[in-house]
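Coordinate analysis (summary)
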Amino acid sequence: MVVTGLGMVSPLGNSVAESWGALVAGGCGIASISRFDAGDLPTRVAGEVRNLDLRDYVDQKAARRMDRCAHLALAAARQAQTDSGLNIAPIAERVGAAIATALGGVESFETTVLQMHRRGPSRVSPFSIVQTLPNLPAGWVSIELGTRGPLLTQCTACAASNMAIGDSLDAIRLGRADVMFCGGTEAPVTPVAIASFAAMRALSTRNNDPTSASRPFDRERDGFVIAEGAAVIVLEELEHARARGARIYAALIGYGISSDANHVSDPDPVGLNPARALQAAFTDAGIDATAVGYVNAHGTSTPAGDSAETRVLKLALGQDHAHNTPISSTKGATGHTLGAAGAVEAVFTILALQQGVLPPTINLENIDPDCDLDYTPNTARDLQVEIAVSNSFGFGGHNTAVVFQHWPSEP
């Protein structure tokens, strides 16, 4: 299975090229919240998608029926289709979509509750349900692009879009589709979402220094930074891609999944169960752990999570290889896009393989003795890697990993 198209809107930029360029340059998309007055919130920083012109992607009449998370999904999906050069109409029954989200239309839900509270049930919008349901970003992608194959929504917290990629891989393997648009979307920069995560003490409160607030694996990290964004990849069966002369970015060769059965939000204290997801992905790919040349870590910038992931990587890769493998968390630059994170990071992992550049972990300034691996601190690294893995872990104990392989240029 090969990747033939990429699309993204993120706090770093409104395209793949803008986001990747800012990332490898050491940029940061985190700033003080501008979408509403956050003055009463304990956390007042976020990663926002800025200056996105929806008219480039969504009919304005249809846009009024959608939540922001669907707007972002459509922007990424249309970019991915354009990038892939795929003409969907003649093969629509063989083209599917899997678009993940953690919270769905949370902004629309908040608006509806306030509207009902202030003005009564008669003022609730008839579009409120379709704006709120978490499957509707996938539904809108299918409707607007015209896909008629499998239509899936994964809603497994921060592991969701990695799962969308893995489920799409399985759909093609099983013969249910030849092409899948897969990824994730999230628009959680809302008062209730931020207040709720802040009440868990999960968010950074570095409000006076937004660009330094997300600092994965750094000793002074104090929580993640919530962010919005979407990313979609076009996953295609190899011979189908070759038959239409598609450009190939990379191959998707493995997918692994496991569960912790431990706690609704705390990571597995030992790391065995998340490590099983990585090991399953290596087995699926037919590789030994020592073949992995780069890891795009989940790396959320939470005190417990980053230490736990370090233990996971040592278990999955082996102590010696873990210490010799470059790793990075791109959430220092983007913040945590929750259900979209796996897809955003899959795009970055694919580009790292294609371009021979490993993105940095920004804001990594103070070594944490519990996080003692090579996290590519602060500066991108030129290194051609053959095989890379991207991890995503979610509340509830959802563990996922996807393995990509470098694709040589074809004549």
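Anything mentioned here points back to the structure above.
Presented here is an overview of the structure given in this document. Since this is a predicted model, take the numbers as computed values, not measurements.

Along the polypeptide, A213 turns up in the loop between α8 (191–199) and β7 (229–236). The spatial distance from the C-alpha of A213 to the C-alpha of G305 is 16 Å, given a sequence separation of 92 residues. The contacts of A213, once residues within four sequence positions are left out, are V45, S204, R206, D222, G223, V225 and S301.

Let us look at the nonpolar core. Core analysis: the largest hydrophobic core is formed by 44 residues, its most contacted members being V3, L6, I233, V347, I350 and F404. With residues up to four places along the chain from it excluded, the contact list for F404 reads V3, A251, L252, A346, T349, I350, L353, E386, I387 and A388.

Two measures define how a pair of helices packs: the angle their axes make with one another and the distance between the axes. The geometry of helix α1 (residues 16–24) relative to helix α14 (residues 341–355) is characterised by a closest axis approach of 11 Å and an angle of 75° between their N-to-C directions. In terms of their interaxial angle, α1 and α14 are classed as roughly perpendicular. Residues V16, S19, W20 and L23 of α1 lie in contact with α14, whose contacting residues are V347, F348, L351, A352 and Q355. A per-class count over the contact of α1 with α14 returns seven nonpolar, two polar and no charged.

Bringing the sheet that holds strand β4 (residues 95–100) into the picture now. If you walk across this open sheet you meet the ten strands as β5-β4-β6-β7-β1-β8-β14-β13-β9-β10, and the pairing is mixed. The sheet is open, and its two edges are formed by β5 (151–152) and β10 (327–328), each paired on a single side. The strands touched by α14 are β1 (2–9), β6 (179–186), β7, β8 (250–259), β9 (294–296), β13 (387–394) and β14 (398–406); relative to β13, the strand with the most contacts, the crossing angle is about 170°.

When you line up the elements, R215 lands in the loop between α8 and β7. For R215, the side chain forms a polar contact with the side chain of D218, separated by 3.1 Å. Here the side chain of R215 touches N363 through a polar contact of 3.2 Å, landing on its backbone oxygen. The residues touching R215, leaving out its near neighbours within four places in the chain, are R206, E220, R221, S301, I362, N363, E365 and N366.

To continue, consider the pairing of β13. Within a regular beta strand, the side chains point alternately toward one face of the sheet and then the other, so they alternate between its two faces. A large share of β13 lies buried, amounting to eight of its eight residues. With burial as the criterion, each face of β13 is covered, one bearing I387, V389, N391 and F393 and the other bearing A388, S390, S392 and G394. Note that β9 and β13 share three bridges and pair parallel. Residue N296 lies in a different strand from β13, and its bridge partner there is S390. Pairing of β13 with β14, which is carried by eight bridges, proceeds in the antiparallel orientation.

Our next topic: unusual backbone geometry. If you check the backbone angles, R201 has positive phi at about 60° while not being a glycine. Along the polypeptide, R201 turns up in the loop between α8 and β7. The exposed category is assigned to R201, whose relative accessible area is 76%.

Cut-offs and rules
Residues numbered from 1 in each chain as written. Predicted model: local features only at pLDDT ≥ 70, side-chain atom pairs only at ≥ 80, totals over all residues. Heavy atoms only, no water. Helix = DSSP H or I, 4+ residues; strand = E, 2+ residues; numbered from the N terminus. Contact = heavy atoms within 4.5 Å. Core = buried A, V, L, I, M, F, W, Y, C linked by side-chain atoms within 4.5 Å. Buried < 20%, exposed > 50% of the residue type's maximum accessible area, 1.4 Å probe, protein only. Axes fitted to C-alpha atoms, helices over the stretch in contact; angles between N-to-C directions. Parallel < 35°, antiparallel > 145°, perpendicular 65-115°, else oblique. Nonpolar A, V, L, I, M, F, W, Y, C, P; charged D, E, K, R; others polar. Pairing = 2+ DSSP bridges. Polar contact = N/O pair within 3.5 Å; in protein donor to acceptor, adjacent residues only side chain to side chain.

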